[in-house]
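# Summary of the model geometry
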Amino acid sequence: MGDALFSLGESMPPAYPERAAWGTAPKLRQWQAEALEKYFESTPRDYLAVATPGAGKTTFALRVAAMLVEAGTINRITVVAPTEHLKSQWADAAARIGLALDPNFKNSDGRHGADFIGVAVTYAQVASKPLLHRAKTEAARTLVILDEIHHGGDALSWGDGIREAFEPATRRLALTGTPFRSDTAAIPFVDYVEDAEGIRRSKADYTYGYGDALKDHVVRPVIFMAYSGQMRWRTSAGEEMEAQLGEGFTKDITAHAWRTALNPEGEWIPSVLAAADRRLTEVRRTIPDAGGLVIATDHSDAKAYAAQLKRITGEKVTTILSDDAGASRKIEDFSAGTDRWMVAVRMVSEGVDVPRLAVGVYATSTSTPLFFAQAIGRYVRSRKRGEVASVFLPSVPILMALANQMEVERDHALDRPEKHVDDPDFIPEEALMDEANREEKASDELSKQKFEALDSRASFDRVLYDGGEFGTGAMLGSEDEQDFLGIPGLLDADQVGVLLRQRQQEQVTRRSRTAGAAAPVEEPAVTDHRQLTELRSKLSKNVSAWAARTGTPHGVVHTKLREVCGGPAVAQANADQLNKRLNKLQDWFVGKR
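These remarks concern the structure in this document. (Residues numbered from 1 in each chain as written. Predicted model: local features only at pLDDT ≥ 70, side-chain atom pairs only at ≥ 80, totals over all residues. Heavy atoms only, no water.)

## Looking at the pairing of strand β1 (residues 46-51)
Put simply, the rule is: Relative accessible area decides the class of each residue, using a 1.4 Å probe on protein chains only: under 20% of the type maximum gives buried, over 50% gives exposed, and in between gives partly exposed. A run of H or I in DSSP becomes a helix once it reaches four residues, and a run of E becomes a strand once it reaches two; helices and strands are each numbered from the N terminus. Note on pairing: DSSP must find at least two bridges between two strands before they are called paired.
With five of its six residues buried, β1 lies for the most part within the structure. Pairing between β1 and strand β6 (residues 171-176): five bridges, direction parallel. Its bridge partner lying in β6, Tyr47 is registered against Leu173. The pairing of β1 with strand β9 (residues 206-208) spans three bridges and is classified as parallel. Among the inter-strand pairings, Ala49 is bridged to a residue of β9, identified as Tyr206.

Below you can see the structure in the form of structure tokens.
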């Protein structure tokens, strides 16, 4: 290994001058140099480095490994990763700097080949045979690199297995981009320190968050394109329901509307996929090889979304359905190519390195902070300064909150405070995590019930960026929507904010001008879609209130209103018909009293 691999130099740039092959850059980013210096100052047995996805944790870890090997501190390396695909990525990256790791090692092999300095294995693999890996660890001076260490708490057997296997290690280097979990399972080899509130929180030896990485131009700025729309479904009780996506009055309604939006047979998801593809076309004007990734909930949805994208683009779509060797090859081919779209189930959300991904569609109902952060991490890896990432997602409260919390750094808490919301010491970040976990469990329960999505329609809602919201809603294909879809693909982080504010002001000005011109007309020929949305939402609330008062199913109430007032279903009704139904409901309320 040459001197360039180890030379830190006096001045370290915050980002690569050009994108180097993953794990092989001759110079370190500033945070990597600082973390490395801190590591060798203290020479710790355990070291936890927390760095946002896309910042370069692998490069840092391999530099530590190479220097420990050269110093004679270690003579064996074991990398533990969450998935089969990541084992190959680690082995490939290590090989580029002269460290031979065997990613194909199986527990039944007993020992790895003499040509390798170590192995890359999965957490599940270690947990299934911890004593085997303990013996291997004891047989040499071993450095264990625990990639995405939060997975060490995924199951009791995993945590126990990892502790058993690697307790004798000479050195342990833990890495993660998301050091928090939605549960309180302790993570092996991580220190926990009690804070002022008596909560034990994970303590990192070095932290490099998304906000810092964004300032250093190490990661891309992410703009979130939120889409709403009218949803209609039938419950397990045969009750027909209707709601605006994101305006559910209970978690059940929100979850059902969300599932309806993601149903491949409706209109919402094809409309959003088409909008995302238009965005990708715009990005490819300045980033010719830019690609897109759709994250789906399950195999059937992934296949359906891929078929829809093929119809939209006329091009083949890479589909990843499982974590196996074939999937790894598909991901590598997509990463090295120029195809537009890849569709994958949830397992591709973590660690997969496809730097050209610039547009994403979050088409899953999974909503924990951990999963969301890892999923968005697939799009933030920067190759050169100015690249912008765009993620399309359903306009539901929990996702909006998570998108607005992109720069919040969290530690893993082993304890939960018993605090009331009104308590001045209440911690909102923990409330967000708890709520996300509750929503996830509620979604899992609902998925077990009978459910029939009937109809879904999409509308552009808003853009979220850097904690701010831009846009006031628009119809699909409108000039207002195109204002945001047409944002250039190359912009610095501060330029994104400026341009979004400018587009919003243009939108407001345009609407004010339109409203002023239409003022003398008493009854415009075309009803504004925002008025229809507001009326539908108001009607839905009133129907829910009447159903709760009388015990009558929502669908029966809607049917009765159509019989009395005339007109089609709510989704197709005009403003006059919706107002008639609202007035009739008001009459019923008054009469009831």
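There is more to say after this.
## As for the side chain of Thr52
Heads up, the condition is: Contacts between residues were defined by any pair of non-hydrogen atoms, one from each residue, lying within 4.5 Å.
Position of Thr52 among the secondary structure elements: in the loop between β1 and α3 (57-71). A relative accessible area of 8% means that Thr52 is categorised as buried. Residues within four places of Thr52 in sequence aside, it is in contact with Lys57, Gly177, Tyr208, Gly209, Tyr210, Ala213 and Val219.

## A short note on the pattern of salt bridges
What counts, and what does not: Between Lys or Arg on one side and Asp or Glu on the other, a salt bridge is scored when a side-chain nitrogen of the former is within 4 Å of a carboxyl oxygen of the latter.
Per the stated rule, a full pass over the model turns up 22 salt bridges. Between Arg329 and Asp333 there is a salt bridge; the shortest N-O distance is 3.8 Å. Here Asp333 and Arg329 lie together in helix α12 (residues 325-336), a separation of four residues that amounts to about one turn. Asp333 gets classed as partly exposed once you look at its relative accessible area, which sits at 46%. The salt bridge involving Asp492 is made with Arg385; its shortest N-O contact spans 3.3 Å.

## What to know about unusual backbone geometry
Non-glycine residue Glu148 carries a positive phi angle of around 50 degrees. When you line up the elements, Glu148 lands in the loop between β5 (142-146) and α7 (156-166). The exposure class of Glu148 is buried, given its relative accessible area of 5%. Unusually for a residue other than glycine, His217 sits at a positive phi of about 65 degrees. Among the structural elements, His217 can be located in the loop between α8 (210-215) and β10 (222-228). Since its relative accessible area comes to 26%, His217 is described here as partly exposed.

## Concerning the nonpolar core
Worth spelling out the cut-off: Grouping buried Ala, Val, Leu, Ile, Met, Phe, Trp, Tyr and Cys residues that are joined through side-chain atoms within 4.5 Å yields what is termed a nonpolar core.
By size, the foremost hydrophobic cluster in this structure holds 125 residues, and its most contacted members are Phe60, Trp268, Phe392 and Leu399. Among the elements that take part in this core, helix α10 (residues 268-283) stands out by supplying eight residues, more than any other. Setting aside its immediate chain neighbours within four residues, Trp268 contacts Tyr227, Ser228, Met231, Leu245, Ala261, Leu262, Leu393, Pro394, Ser456, Arg457 and Ala458. Membership of the second largest hydrophobic core comes to 19 residues, among which are Phe105, Tyr123, Ala174 and Ile187.

## Observations concerning the sheet that holds strand β12 (residues 240-244)
Stated precisely, the cut-off is as follows: For every element, the axis is a line fit to its C-alpha atoms; helices are fit only across the contacting stretch, and the angle between N-to-C directions ranges from 0 to 180 degrees.
Reading across the sheet, the three strands line up as β12-β11-β18 and stay open at both edges, with antiparallel pairing between neighbours. Looking along the sheet, the strands with just one partner apiece sit at the ends: β12 and β18 (452-456). For this sheet, the mean angle separating the axes of adjacent strands, direction not counted, is 20 degrees. Sheet analysis places strand β11 (residues 230-234) next to β18, joined by four bridges and oriented antiparallel. Looking at the pairing, Arg234 lines up with Glu452 of β18. Seen against the sheet, helix α9 (residues 251-262) touches β11, β12 and β18 and runs at an angle of roughly 100 degrees to β11.

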